[in-house]
Amino acid sequence: MSSKIAVIGAGIAGTNLASLLKKEGFQVSIFEKARGPGGRTSSRRANIKDGTQTLRLDHGAQYIDVSNPQFQEFIDGLIDLGVVVKHGDTNVAVPAMNAICKYLVQDIDAHYQVHIKETQKRDEKLELFDLDSNSLGLFDWIVSTAPPKQAADIFHNYALSHELKNIEMKAHFATMLVSEKDFTRDFESSNIQDSLLNWIGVLNRKPGRTTSPTQIIMHSNFKWTLEHAEADRSWVQEAMLAELEKQTGFKDERPLYLAVHRWLYGRTLEPFGKDFIIDEQNKFAICGDWLCGDDIQAAWLSSTALAKRLTSLGVVN
């Protein structure tokens, strides 16, 4: 009988790992706290015009940069399928950035809106529990693709958890704005210097998106976010909107849609320096972009490397 593996997280790392392991014959289940797959490639559903129009707003990772030949092969395959399109020197998933995760997870046993609390050893198996201490089943292996501090909580019974808690990650706010007004500045995205914002993007100018109305995304810089991490979200929105006006001249006092999201674990300060972490004796492992980088490619490389290791360990009787 093939090994039964639980994968925590349905971002790029989790869905890629699950997809690769299923192809090798493993029994794989994904557990994700959000309402659907995506992780940091998630999109926000925005219903506007009295619900007559629905938009998908990318509010995390915006582009897919490639420098690794194996990852390029993976992206080329998604381009052939129409899941990704080439866009200048980079790539974009369509119709939203979470399309890659949706494609990878389509044949996987996936459970959403399940927040994992911890794992416990039970005989020769690992038992997984949610926040209400409900058992989610027994598994031969449990893999976390969550950020390091969350992984530390899940595996708090093991010595490694202390090391994981010391890994620092950068937070940032993402404010999403939909407006009937035209954005007249001639760019699709722009890095911002000496500002509480570090990036502004015009989502409706990306390929495969609804071109109207105007859809703007702003990311705050990490230092400003740290200083105001617990501030009222309406205050955060207003501060970021005021800076948008200062930087671009754009202002809309009656937007069609306005929301802010805090990415508590946006990017790693410094990669951990390994492709993955594995404890073969206790049957748990960890993968994710923060281990070897801080982008979509790093998440894919980390999960692909771990899938190869787990496959090499074979099946259990």
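Residues numbered from 1 in each chain as written. Predicted model: local features only at pLDDT ≥ 70, side-chain atom pairs only at ≥ 80, totals over all residues. Heavy atoms only, no water.

Description of the overall build of the protein chain
No. 1: The number of helices and strands found in the protein chain is nine helices and 18 strands.
No. 2: In terms of overall size, the protein chain behaves like a compact globule, its C-alpha atoms giving a radius of gyration of 20 Å where 317 residues would be expected to give roughly 20 Å.
No. 3: A fraction of 64% describes how many contacts in the protein chain between residues 6 or more apart in sequence connect residues 24 or more apart.
No. 4: For the protein chain, the exposed area adds up to about 15,100 Å²; of that, 45% sits on carbon and sulfur atoms.
No. 5: Of the charged side chains in the protein chain, 35 are positive and 41 negative, and the gap between their average positions amounts to 2 Å. (Helix = DSSP H or I, 4+ residues; strand = E, 2+ residues; numbered from the N terminus. Rg over C-alpha atoms; globule rule 2.2 N^0.38 Å. Contact = heavy atoms within 4.5 Å. Areas by Shrake-Rupley, 256 points an atom, 1.4 Å probe, with all protein chains shown as cover. Lys, Arg positive; Asp, Glu negative; His and termini not counted. Charge placed at Lys NZ, Arg CZ, Asp CG, Glu CD.)

With respect to the sheet that holds strand E14 (residues 197–202)
No. 1: Taken in spatial order, the five strands line up as E13-E14-E15-E12-E16 in an open sheet, and their pairing is antiparallel. Both edges of this open sheet fall to strand E13 (189–191) and strand E16 (257–268), since each of them pairs with a single strand only. Direction aside, the axes of adjacent strands within the sheet are offset by 15 degrees on average. (Pairing = 2+ DSSP bridges. Axes fitted to C-alpha atoms, helices over the stretch in contact; angles between N-to-C directions.)

Things to note about the sheet that holds strand E10 (residues 135–139)
No. 1: The strand order E8-E9-E10 describes an open sheet built from three strands, whose pairing is antiparallel. Two strands close off the open sheet at either side, each with one partner strand: strand E8 (116–122) and E10. Each neighbouring strand pair of the sheet contributes to a mean axis angle of 20 degrees, computed without reference to strand direction.
No. 2: In this sheet, E10 lies alongside strand E9 (residues 125–130) in antiparallel orientation, the contact comprising four bridges. When the bridges of E10 are listed, Leu128 appears paired with Gly137.

Topic: the pattern of salt bridges
No. 1: Scanning the entire structure with this criterion turns up 10 salt bridges.
No. 2: Among the ionic pairs, Asp289 bridges to Arg40, the shortest N-O distance being 2.3 Å. With Asp289 in helix H8 (residues 289–292) and Arg40 in the loop between strand E2 (27–32) and strand E3 (43–48), this residue pair connects regions lying 249 residues apart in the sequence.
No. 3: Note on Arg40: relative accessible area 24%, which makes it partly exposed.
No. 4: Taking the shortest distance from any N to any O, the salt bridge between Glu230 and Arg262 comes out at 3.1 Å. Linking Glu230 in the loop between helix H6 (222–227) and helix H7 (233–248) with Arg262 in strand E16, this pair joins segments that are 32 residues apart in sequence.
No. 5: Note on Arg262: relative accessible area 22%, which makes it partly exposed.
No. 6: Each of Asp58, Lys206 and Arg209 takes part in salt bridges that share partners, so that together they form one network. (Salt bridge = Lys/Arg side-chain N within 4 Å of Asp/Glu carboxyl O. Buried < 20%, exposed > 50% of the residue type's maximum accessible area, 1.4 Å probe, protein only.)

A short note on the side chain of Glu243
No. 1: Here Glu243 is to be found in helix H7.
No. 2: Buried and unpaired, Glu243 has Lys246 as its nearest opposite-charge partner, separated by 4.4 Å.
No. 3: Polar side-chain contacts of Glu243 include one of 2.7 Å to the side chain of Ser195.
No. 4: Not counting residues up to four positions away in its chain, the partners in contact with Glu243 are Ser195, Leu196 and Leu197. (Polar contact = N/O pair within 3.5 Å; in protein donor to acceptor, adjacent residues only side chain to side chain.)

Some thoughts on the packing of aromatic side chains
No. 1: In this structure the tally under the stated criterion is 12 aromatic pairs.
No. 2: Here the aromatic rings of Phe272 and Trp290 are separated by 6.1 Å at their centres, their planes lie at 75 degrees, and the arrangement is edge-to-face. Pair noted here: Phe272 is in the loop between E16 and strand E17 (277–279) and Trp290 is in helix H8, with a separation of 18 residues, a long-range link.
No. 3: Given the relative accessible area of 23%, Phe272 is considered partly exposed.
No. 4: In this structure, Lys4 packs its charged tip against the face of Phe139, placed 5.2 Å from the ring centre.
No. 5: A cation sits over an aromatic face here: Lys206 above Tyr63, 5.1 Å from the ring centre. (Phe/Tyr/Trp six-rings, centres within 6.5 Å; stacked < 30°, edge-to-face > 60°. Lys NZ or Arg CZ within 6 Å of the ring centre and 35° of its normal.)

Remarks on the packing of helix H1 (residues 12–23) against helix H9 (residues 296–312)
No. 1: As a packed pair, H1 and H9 sit with axes 8 Å apart at the nearest point and diverge in direction by 30 degrees. With respect to their mutual orientation, H1 and H9 come out roughly parallel. With respect to the hand of their crossing, H1 and H9 are arranged in right-handed fashion. Mapping the contact onto sequence places Ile12, Ala13, Asn16, Leu17, Leu20 and Leu21 in H1 and Ile296, Ala299, Trp300, Ser303, Thr304, Leu306, Ala307, Leu310 and Thr311 in H9. (Parallel < 35°, antiparallel > 145°, perpendicular 65-115°, else oblique. Left-handed = near helix turned anticlockwise from the far one by under 90°.)

Focus on H7
No. 1: For H7, with 16 residues, the first-to-last C-alpha span of 22 Å sits near the 22 Å given by 1.5 Å per residue.
No. 2: Among the residues making up H7, those that are buried are Val236, Gln237, Ala239, Met240, Leu241, Glu243, Leu244 and Thr248.
No. 3: Lining the buried residues of H7 we find strand E12 (169–179), E14, strand E15 (214–220), H6 and E16.
No. 4: Looking one or two residues beyond H7, the residue adopting positive phi is Gly249, at roughly 85 degrees. (Expected span 1.5 Å × (residues − 1).)

Everything listed here is a matter of geometry and, on its own, says nothing about what the molecule does.
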